[in-house]
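The residues making up each chain are set out below.
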Amino acid sequence: MAPPFTSLSSQIALITLTTSIFFLSSSLPPASSATTPTPSHPRPFKKIYAFGDSYTDTGNTVSTTGPSGFNYVSSPPYGSTFFHHSTNRYSDGRLVIDFVAEALSLPYLPPYLGKKADKSTGINFAVAGSTAIRHRFFVKNNLTLNITPQSLVTQLQWFNKTLEAQGCKGPTTRSSQCDEAMNDALFWVGEIGANDYAYTLGSSVSSSTIQQLAIKSVTGFLQALLTRGAKYIVVQGLPPTGCLTLAMFLFSEDDRDDMGCIASVNKQSLDHNNVLQSKLHDLRTQFPHSVIVYADYWSSYQTIMKSMGKHGFREPFEACCGTGGRPYNFLPLSACGSPSSSSCSDPSQYMNWDGVHLTEAMYKAVSESFLNGSFSHPPFEYLLGRKKQAAGKYSSVVTDST
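Note on numbering: residues in each chain are counted from 1, in written sequence order. Under the rules for a predicted model, residues below a pLDDT of 70 receive no local features and side-chain atom pairs below 80 are neither given nor counted, while totals for whole chains, interfaces and linings still include all residues. Water and hydrogen atoms were dropped before computing side-chain values, which therefore reflect all heavy atoms in the structure.

A. Layout of the overall build of the chain. Along its length, the chain carries 13 helices and 10 strands. Residue contacts are counted whenever heavy atoms from the two residues lie within 4.5 Å of one another. Contacts in the chain between residues far apart in sequence, at least 24 positions, make up 72% of those at least 6 positions apart. Accessible surface, the chain: about 16700 Å² in total, of which carbon and sulfur atoms supply 54%. Here a helix means four or more residues in a row that DSSP labels H or I, a strand means two or more in a row labelled E, and each is numbered from the N terminus. Per-residue and other accessible areas follow the Shrake-Rupley method at a 1.4 Å probe size, with only the shown protein chains counted as cover for residues.

B. Layout of the environment of Met305. Turning to its location among the elements, Met305 is positioned in helix H10 (residues 297-306). Note: C-alpha distance between Met305 and Gly260 (45 residues apart in sequence) is 10.0 Å. The residues contacting Met305, other than those within four sequence positions of it, are Cys243, Met259, Cys261, Pro316, Phe317 and Met351.

C. Just helix H4 (residues 152-165), in detail. Taking 1.5 Å of rise per residue, the 14 residues of H4 would be expected to cover 20 Å, and the 20 Å separating its terminal C-alpha atoms lies within 8% of that figure. The classification of residues rests on relative accessible area computed with a 1.4 Å probe and restricted to protein chains. Under 20% of the type maximum is buried, over 50% is exposed, and intermediate values are partly exposed. Restricting attention to buried positions, one finds in H4 the residues Leu152, Thr154, Gln155, Leu156, Trp158, Phe159, Thr162 and Leu163. Where H4 is buried, its residues contact strand S1 (47-51), strand S2 (122-124), helix H5 (176-182), strand S3 (185-189) and helix H7 (207-227). Looking at the residues trailing H4, positive phi occurs at Gly167, about 90°. Helix span, as expected, comes to 1.5 Å for every residue beyond the first.

D. How the structure looks around unusual backbone geometry. Put simply, Pro76 and Pro77 share a cis peptide bond, and its omega is 10°. Structurally, Pro77 can be placed in the loop between S1 and helix H2 (96-103). Following His377, the chain continues into Pro378 via a peptide bond in cis, with omega recorded as -5°. With respect to the helices and strands, the residue Pro378 is situated in the loop between strand S10 (376-377) and helix H13 (380-401). Of note, His84 is a non-glycine position whose phi angle comes to about 70°, a positive value. Mapped onto the secondary structure, His84 falls in the loop between S1 and H2.

E. Geometry of the pairing of S1. Most of S1 is tucked away: 5 of the 5 residues are buried. Strands are treated as partners if at least two bridges between them are detected by DSSP. Across 5 bridges, S1 lies against S3 in parallel orientation. Within S3, the residue paired with Lys47 across the bridge is Ala185. Call a crossover right-handed when, viewed with both strands pointing away from you, the route from the first strand across the helix to the second goes clockwise. Viewed along the sheet, the connection from S1 through H2 into S2 turns out right-handed.

F. Highlighting the state of the cysteines. By convention in this document, the label disulfide applies to cysteine sulfur atom pairs within 2.5 Å. Under the definition given, this model contains 4 disulfides. One disulfide in the model links Cys321 with Cys336; its S-S distance is 2.0 Å. Across the S-S bond of Cys321 and Cys336 the torsion is about 90°, and the bridge reads as right-handed. Here Cys321 is found in strand S7 (residues 321-322), whereas its partner Cys336 is found in the loop between S7 and strand S8 (342-343), with 15 residues between them in sequence. With respect to class, Cys321 is no different from Cys336; both count as buried. Take the cysteines of the chain that form disulfides and number them in order along the sequence; they join up as 1-2, 3-4, 5-8, 6-7.

In structure tokens, the structure reads:
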């Protein structure tokens, strides 16, 4: 079970639309089932909408529809740590977005393509293998091998269809239906863009081109959400992708940084994040009534690596689940879940799960740094405070009108 998010709980405990409700200030409990954490506090948000790639996807792809390098996500040992069966998450257990849902006393987010799921408290639009740039760019440049056709644009289209089904129609429509869908929702934009760089590796397409197009796409996506009325958005940056097992396997041992990771790849991710943060600053100016939080994945990951023992980790680069043994336990054609693969006995000691994706333990450490630590800018508690103020104003309006 995950330890409670104690500092976050005290913020959540303040958020209520009435002043007559009293409740305990104890910490939020972790979920006891695979679908519905039991709420113990009034929820600061009624729903979460999530977007991103395989680091956030909770089931929009399966073994036959996800990235071809990971054809066994629907089978054990995926999901073995927490759910005890595969949930089509690319990890041994929960992801960052799952810990976010737990912290906010909301059920785990069902995937958009899960037709029978209860989606009243949120939807996950993230797709494993998804890119920030439109799919047609990769088709035009003959880079369609192993590429998921759904991009961030697709996810936005799915979201717009969801709003239209609730009576909120048109990209700039503002109505009571739109307010109901947007005002009490947290928008969580998981990391997106890493696949764009990975898919063009070794091609004639420059990383600067990818950076420009990916940032433009993410910025346009965020503008679309904000124009529709999104008030509370968290945007994750890219992690240091040069620390992933795949990068360590592919790149020269001469290309190393002070973390022992691939220096050139990490610099690429860091440069991307710096440009992204500049764009978020502009969006805050353009939409002053919305709260836009940057979740610094890169710095969080770096800090965790530098204090691995504190978090219980002993393996920063070796994949828990894979083939080949030390130093990386990773062979691209014998991925986790394949007949020749095996998994470690204690995933909580590993940062990397299958060579590209992280373990539940690592996702948990990262999520705590976002929710309770110093790696969200402004802090996540500030976002909760703004939500509390908005709820108080709404309460006053309701009281005055009765």
